[in-house]
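# Residue-level structure breakdown
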Amino acid sequence: RGSEGGVHVSWRRWWVAALLVLACRVDAQSAAVGLYAEGNDLYRAGDFAGARARYEAAVATGVADPRLLYNLANAVFKTGDLGEAILWYERALKQAPRDEDIEANLRFLRRIKRDRDPEPARGIARVLEQAYLWPTLNEVALLWILSLFLLFCVAAWRRWQGITQIGKAIPLAAVVCLVVGGYAVSRFDRDVNVLAAIVTQEQGIARSGPDAGETEVFVIHEGTKVVVERTEAGWYLVRLASGLGGGLPESVLMEI
């Protein structure tokens, strides 16, 4: 009886912990909704600084809704911080990658920032790039699961029918599974393992190494997106879309 009682208490503790976590999440969401509504009212009234403060407080609760991030980006832009506005639009786009409003605002800010981005691919290359990036990561994962399920169903059906030969159906389903799996791995490597950041200061001086005394390589301005290859002692080793690389102090950048 003592052993059973111990197990019972353990389960009760787990349930209490789970309920406390759920209650905290509900409280955070409720607080975020209230702050979001206040921010919207202030934004409509023209108080962009006040709206920004409310949106930032809502984000600080841990809620990452794309509508909240999008409105915060709008308020940040209205208060004059171009780099941070692009940062929040990029973060919103990660949550809602096919949102036309987010994409339109990002295109506008990219045109008005000081550093010009490389020209996007055109023609068939552009179509292929858009097709590659169109599904969200959740959709890619679901597609991979469905391809595995298809392979299982084909094999199980042939087994149930008593067909011992491999035939064409199983290899075809296996090829589909491998192709989808390769695509999924490629997308996850690109979207999850590649760290990107936005320059949020007016400008940053990239150097040949992680030290202010190293040789200046290039100057970069707010709003520019870079790929972070590694971090070292308060510095980011970054690479531009053009391929040029250098070290920037972490105070210049914010990760997407």
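Each remark here, short or long, concerns the structure printed above.
Now for a description of the structure that goes with this document. Per-chain numbering applies: the sequence of each chain, read as written, is numbered from 1 onward. Predicted model: local features are reported for residues with pLDDT of at least 70 only, side-chain atom pairs are reported and counted for 80 or more only, and whole-chain, interface and lining totals are derived from all residues. The side-chain values count all of the structure's non-hydrogen atoms but skip hydrogen atoms and water molecules.

### A short note on the layout of surface pockets
We count it as follows: Of the two site types, the cavity is a set of points on a 1 Å grid over the protein atoms alone where a 1.4 Å probe fits but cannot get out, and the pocket is an open set with protein on both sides within 12 Å along at least five of seven lines, each lined by residues with an atom within 4 Å of a point. Grid points are joined across faces, edges and corners, and a volume is the space filled by probe spheres set on the points. Secondary structure counts use DSSP, requiring at least four H or I residues in a row for a helix and at least two E residues in a row for a strand, with both numbered from the N terminus.
In this structure, the largest pocket spans a volume of roughly 2,100 Å³. Surrounding the largest pocket, 48 residues form its lining, E90, R110, L133, R190 and K225 being those nearest its centre. Elements that contribute at least two residues to the lining of the largest pocket include exactly α4 (82–95), α5 (100–112), α6 (124–133), α8 (169–193), β1 (195–199), β3 (216–221) and β4 (225–232). Among the elements that line the lining of the largest pocket, the one with the most residues is α5, at five residues.

### Observations regarding the side chain of S147
How we decide: Any two residues whose heavy atoms approach within 4.5 Å at even a single point are treated as in contact.
Its place among the elements puts S147 in helix α7 (residues 137–160). Residues contacting S147, with those up to four places away along its chain left out, are V176, C177 and V180.

### Focus on the packing of aromatic side chains
Note the following rule: Stacked, tilted and edge-to-face pairs are distinguished by plane angle, under 30 degrees for stacked and over 60 for edge-to-face with tilted covering the rest, among Phe, Tyr and Trp rings (Trp via its six-membered ring) whose centres lie within 6.5 Å. Type-normalised accessible area, obtained with a 1.4 Å probe on protein chains alone, sets the label of each residue: buried when under 20%, exposed when over 50%, and partly exposed for intermediate values. Think of it as a cone above the ring: NZ of Lys or CZ of Arg counts as a charge over the ring if it is within 6 Å of the ring centre and within 35 degrees of the ring normal.
On inspection of all chains with the given rule, the structure shows five aromatic pairs. Plain terms: the ring middles of Y36 and Y55 are 6.1 Å apart, the flat faces sit at 45 degrees to each other, and that makes the pair tilted. You can see Y36 sitting in helix α1 (residues 2–44) and its partner Y55 sitting in helix α2 (residues 48–60), a full 19 residues away along the chain. Since its relative accessible area comes to 24%, Y36 is described here as partly exposed. Take Y55: its relative accessible area is 1%, and that puts it in the buried class. Its guanidinium or amino end placed over the ring of W134, R98 lies 4.0 Å from that ring's centre, counting from NZ or CZ. When the ring centre of Y132 is taken as reference, the NZ or CZ atom of R187 above it lies at 5.8 Å.

### Focus on the side chain of K113
Note that K113 resides in the loop between α5 and α6. Excluding anything up to four places from it in sequence, K113 contacts L82, I86, E222, G223 and T224.

### Quick notes on the environment of A51
Structurally, the position occupied by A51 is in helix α2. Among the residues examined, A51 registers a relative accessible area of 0% and is labelled buried. Between the C-alpha atoms of A51 and D41, which are ten residues apart in sequence, the distance is 7.7 Å. For A51, the contacting residues outside a window of four places in its chain are G39, L42 and Y43.

### A look at the pattern of salt bridges
Short version of the rule: Take a side-chain nitrogen of Lys or Arg and a carboxyl oxygen of Asp or Glu: if they are within 4 Å of each other, that pair is a salt bridge.
Applying the stated criterion across every chain yields a total of twelve salt bridges. A salt bridge links R67 to D65; its shortest N-O distance comes to 2.9 Å. You can call R67 exposed: its relative accessible area is 56%. Assessed through its relative accessible area of 23%, D65 is described here as partly exposed. Residue R98 pairs with E139 through a salt bridge whose shortest N-O separation is 2.9 Å. Residue R98 is found in the loop between α4 and α5, and its partner E139 is found in helix α7; the two are separated by 41 residues along the sequence. The class of E139 is partly exposed, set by a relative accessible area of 31%. Through salt bridges with shared partners, a single ionic network connects R52, E56, D81 and E84.

### A few points about a nonpolar patch on the surface
In plain terms, the rule: Two joining distances apply to patches: 9 Å for like charges and 5 Å for nonpolar side chains (Val, Leu, Ile, Met, Phe, Trp, Tyr), and every residue must have over 30% relative accessible area and no salt bridge. Throughout, the Shrake-Rupley method with a 1.4 Å probe supplies accessible areas, and for residues the shown protein chains are the sole cover considered.
A surface patch of nonpolar side chains, amounting to about 250 Å² of accessible area, comprises F77, F108 and I112. With respect to the element layout, F108 can be found in helix α5.

### Here's the deal with unusual backbone geometry
Of note in this structure, A233 is not a glycine but carries a positive phi near 50 degrees. Topologically, A233 is positioned in the loop between β4 and β5 (235–239). By relative accessible area, which is 74% here, A233 ends up exposed.

### Focus: the packing of helix α3 (residues 66–78) against α4
Stated precisely, the cut-off is as follows: Each axis is a line fitted through C-alpha atoms, and for a helix only the stretch in contact is used; angles between axes span 0 to 180 degrees, taken between their N-to-C directions. The scheme is simple: roughly parallel for angles under 35 degrees, roughly antiparallel for over 145, roughly perpendicular for 65 to 115, oblique for anything else. Take the far helix as the reference: if the near one is turned anticlockwise from it by less than a right angle, the crossing is left-handed, and if turned clockwise, right-handed. For this classification, Asp, Glu, Lys and Arg are treated as charged, while Ala, Val, Leu, Ile, Met, Phe, Trp, Tyr, Cys and Pro are nonpolar and the rest, including Gly, are polar.
One way to put it is that α3 packs onto α4 with a least axis distance of 8 Å and a crossing angle of 165 degrees. Judged on the interaxial angle alone, α4 and α3 are roughly antiparallel. As for how α3 packs across α4, the hand of that crossing is left-handed. In this structure, α3 uses P66, L69, Y70, L72, A73, N74, V76 and F77 to contact α4, whose residues at the interface are L82, E84, A85, W88, Y89, R91, A92 and Q95. Across the contact of α3 with α4, the residue classes tally to twelve nonpolar, two polar and two charged.

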